[in-house]
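Structural overview for review
Below are the chains, spelled out letter by letter.
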Amino acid sequence: MDHFPTNWGRPRNEAFDPYATYPLHQRPKAKDTFAEGVQHTQQPIVTGTSVLAIMYKDGIMMAADNLASYGSLARFKDIQRLHPVGTSTVIGASGDMSDFQAIQAILDDIVTDEFTYQDGHDLGPAEVHEYLSRVMYARRSKINPLWNSILVGGFRDGKRFLGYVDLLGTTYSAPSIATGYGAYIAIPLLRAAVDGKQDTLTEEAARALLHECMRVLFYRDARSLDKYQLATVTEAGVKISDQIQIETQWGFAEGIRGYGAQTQ
């Protein structure tokens, strides 16, 4: 016998429950695996946070930490989120790391194909950026997006290039760009130091600026890490550094109400 009156077939009024059975009893239903059709990823699972990139007088510089978070768990602390593409381009990705690995595989295949043609041509940063924008928009149009925000930077034929593309296929270029939480916290710092000054900004100053921005992000972003990598692209090619440790000072927190052993 079914002891739940709301299952007896009477009309149900959500605002009034005459049988006092709220919350309504939920019974598990048998699921037909094939009844719902094709299912796509609905949200990113293992994710990376901010990527920062700027132009300076000799090329472009990009920074991203080495953390991949599983939800709020800082799960993987040695993930490289910067990837060289050919000899003059580097990409950095926020968002789902498995989708980023898929993008890496796609681009590596294209670089291999270009090499095997042996025609003296290869992809530059502008071409990689345009290609990624088409890939991202095509996947979005199939309701199966690659859940990433990607920065593309490079140096080709004496010209610097820095662009952005996201899971919708949205694109733009600027002298300083950031993804993730860095788009809120780091962009003001980057724009103040870079925009309009990229032709005079030295490599040492650019490196110090990104280091300071990564420190600010580690203080403020709960999904960040105090280790990051730095990529530079100049006329000499692409170079990605080893892990760089951020020095932090938390002594100021003792003066914050509600922190530590304070009672008021």
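This text gives an overview of the structure that appears in the document. In this text the structure is predicted, and so the values were computed from the model without any measurement.

Overview of the side chain of Asp 65
- Its place among the elements puts Asp 65 in strand 3 (residues 59–65).
- Separated by 2.9 Å, the side chains of Asp 65 and Arg 81 make a polar contact.
- Those residues within four positions of Asp 65 in sequence are excluded, and the remaining contacts are Thr 49, Ser 50, Ile 79, Arg 81, Met 214, Arg 223, Ser 224, Leu 225, Lys 227 and Tyr 228.

Some details on the pairing of strand 12 (residues 227–234)
- For strand 12, the buried fraction is high: 7 of the 8 residues fall into the buried class.
- Of the pairings in the sheet, the one linking strand 3 to strand 12 comprises 6 bridges and is antiparallel in character. The residue bridging Ala 63 from the neighbouring strand is Leu 230, located in strand 12.
- Direction of pairing for strand 12 relative to strand 14 (residues 244–245): antiparallel, over a ladder of 2 bridges. Following the sheet pairing, Lys 227 is matched in strand 14 by Gln 245.
- In this structure, the hairpin formed by strand 12 and strand 13 (residues 237–240) is closed by a connection of 2 residues.

Re the pairing of strand 5 (residues 73–76)
- Sheet analysis places strand 4 (residues 68–70) next to strand 5, joined by 2 bridges and oriented antiparallel. Each bridged residue has a counterpart across the sheet, and for Ala 68 the counterpart in strand 5 is Phe 76.

Conventions used here
Residues numbered from 1 in each chain as written. Predicted model: local features only at pLDDT ≥ 70, side-chain atom pairs only at ≥ 80, totals over all residues. Heavy atoms only, no water. Helix = DSSP H or I, 4+ residues; strand = E, 2+ residues; numbered from the N terminus. Polar contact = N/O pair within 3.5 Å; in protein donor to acceptor, adjacent residues only side chain to side chain. Contact = heavy atoms within 4.5 Å. Buried < 20%, exposed > 50% of the residue type's maximum accessible area, 1.4 Å probe, protein only. Pairing = 2+ DSSP bridges.

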